[in-house]
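What follows is the residue order along each chain.
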Amino acid sequence: MGYAIALRCRKCGREYPLEPRNLCDFCLSPLEVNYDYKSMAKAVSREKFAGGPQSMWRYRELLPVDSEVVDIGTGFTPLVKADNLGQKLGLERLYIKNDCLNPTYSFKDRVVSVAITKAREFGFDTVACASTGNLAASVAAHAAKVNMNAYVFVPSNMEPGKLAGTAIYNPVLVTVDGSYDDVNRLCGKLAARYNWGFININLRPYYAEGSKTLAYEVAEQSGWCAPDCVVVPAASGLLFTRIWKGLDELAMLGLIEPVNTHMYLSQAAGCSPIVNAFAAGSIHVHPVEPDTIAKSIAIGNPADGYYALRVARQSGGGASAVTDEEAVAGMRLLAETEGIFAEAAGGVVIAALKKLVASGLIKKSELTVAFITGAGSKTQEILSDIVQTSTIKPTPESFEEVFGVSV
Amino acid sequence: MVKRQVMFTFPQELIKEPIIYNLSQQFTVVTNIRRADISEDKGWVVLELEGEEKDIEQGIAWVISKGVRVDPVIGDIVEG
Ligand SMILES: Cc1ncc(COP(=O)(O)O)c(C=O)c1O
Ligand SMILES: [Zn+2]
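Structural notes, computed from the coordinates. What you see as residue numbers is a count from 1 along each chain, following the sequence as written. By the order in which they are written, chains take letters starting at A while ligands take numbers starting at 1. Residues qualify for local features only when their pLDDT is at least 70, as the model is predicted, and side-chain atom pairs are given and counted only at 80 or more; totals for whole chains, interfaces and linings, by contrast, use all residues. To get the side-chain values, take all heavy atoms of the structure and skip hydrogens and water.

Attention shifts here to the interface of chain B and chain A. By definition, residues are in contact when any of their heavy atoms lie within 4.5 Å. Contact with chain B, which involves 24 residues of that partner, is made by 37 residues of chain A. Values labelled buried area give the accessible surface lost by two parts on being combined, using a 1.4 Å probe and summing over both. For the pair chain B and chain A, the two sides together bury roughly 2,700 Å², of which 56% comes from carbon and sulfur. On the chain B side of the interface with chain A, the three residues burying the most area are Ile77(B), Val78(B) and Glu79(B), jointly 28% of the side's total. One salt bridge in this structure joins Lys189(A) and Glu53(B), with 3.6 Å as the shortest N-O distance. Polar contact is defined as a pair of N or O atoms within 3.5 Å, subject to the rule that within protein one atom must be able to donate a hydrogen and the other to accept it, and that residues adjacent in sequence are counted only when both atoms are side-chain atoms. If you look at where chain B meets chain A, you find 26 residue pairs in polar contact (both at pLDDT 80 or more). Taken together, the elements giving at least two residues each to the side of chain B that touches chain A come down to β1 (2–10), β2 (30–38), β3 (43–51), α2 (53–65) and β4 (69–72) of chain B. Charged residues are taken to be Asp, Glu, Lys and Arg, nonpolar residues to be Ala, Val, Leu, Ile, Met, Phe, Trp, Tyr, Cys and Pro, and polar residues to be all remaining types, Gly included. In the side of chain B that touches chain A, the residues fall into nine nonpolar, four polar and 11 charged. Salt bridge, as applied in this entry: a Lys or Arg side-chain nitrogen positioned within 4 Å of an Asp or Glu carboxyl oxygen. To qualify as a helix, a DSSP run of H or I must reach at least 4 residues; to qualify as a strand, a run of E must reach at least 2; elements of each kind are numbered from the N terminus.

Shown next, in the form of structure tokens:
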């Protein structure tokens, strides 16, 4: 059995049993998994983790599961020292957490692995989600692994070609004849009507916990210490809050020193409700209409925006938005310096990192980790104009003529 | 009867209008406020609406037509 004891309201503290539910009945705020940290502390140690599987499930004791887990090989992705990029940006100790290298090429496998494990524990035979990309692929892949039915809802203006990375796992793909907002509303109603495990609705508190493993891994891979600064992409803001929670838990369990990590979140300027609120000094995140190429992090009404904002402030961190052009430049810079091809969200992170260093917020000697959460092959279409080739005739002479090289 | 949890975001010019009261009067929708923050220049209210599905739909459409932004409390579900 695991150490989770209850769901707790993040706002009013009311507790609920560990069941499929995401909102506090009382104040309609999000619920979060709470643990018996005392007992957990007795069950974990650095040595024990080191002997665990080479996956996110080496931290099983810190996750809210009670049964055999649904694992397609997620996590324990490389933390690579990025000296070339660091030099370009002016950082001496820059690391990239490369979460492109998960089974479905994004960090979503971490959250979905926990959510599907819980779905099976709760006895659901069907899971569902609404997604145009990373989440859809991950849900479909995990459902395939355990023979569950999976419904994936997408708005009708999606290009069908974009869905191949999900369709390959053979879920039920449902195109909804309506806008992005129509799909949101529909899914809210379906979740109330059917006894399904809706990955980011009634399973959301469990789903959220999967993101903590990114923090655990970074700490362990850094020799059990927390970074000075991190830069994280934010959509709903959940990942950002759970990286913080993960570091905080490690300190609470005595596995690392008290945490003093400055948490920076990044968004695309075309969809930056959390950054806007940070900049305005507001405590409320006002929803926006998304308009950016960084589609995977384009959430106009972020469910955990308020809490992400709090983490950015409390940790002495910040929030930074970058234009689409800057994001593409960030993707290119990361690829050209470190050989890592990230999707647009990764470009947003690198571009934000560049700004944060340039403005002096992140300092040269600080141990900094940039979280790259999805692979570039997913958003190749935004790069079509970078392809430049030189055409030659199929003769060595033609090659030498065009490139000016000789034997 | 169904329940719907929503967030209303009010622009400055609508803060003084009794929109929630009118919603409950005109559409037979029970409004139950759970959280709110109203300042001089903007405001938001998180509330639960209870009523017949069609009354709730019509009520929300009317609130939007007045210039209020209406979002689900659970945030956007469609993810990347
Ligand atoms: C590649 C990538 N990075 C980051 C995120 C941020 O997720 P969150 O909603 O937890 O802020 C997403 C979410 O969709 C994503 O697809
Ligand atoms: Zn509450």
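Now that the structure has been shown, the text picks up again.
Turning next to the side chain of Lys118(A). All names here are of chain A. Inspection of the secondary structure puts Lys118 in helix α4 (residues 108–121). Under the scheme applied here, a residue whose accessible area is under 20% of the maximum for its type counts as buried, over 50% as exposed, and between as partly exposed, the area being computed with a 1.4 Å probe on protein chains only. Overall, Lys118 belongs to the buried group, its relative accessible area being 3%. A polar contact of 2.6 Å, which involves the side chain of Lys118, links it to the side chain of Glu121.

Residues and elements named next belong to chain A. Mapped onto the secondary structure, Ser282 falls in the loop between α11 (273–280) and α12 (305–314). Here Ser282 falls in the buried class, since its relative accessible area comes to 14%. From its side chain, Ser282 meets the backbone oxygen of His284 in a polar contact 2.8 Å long.

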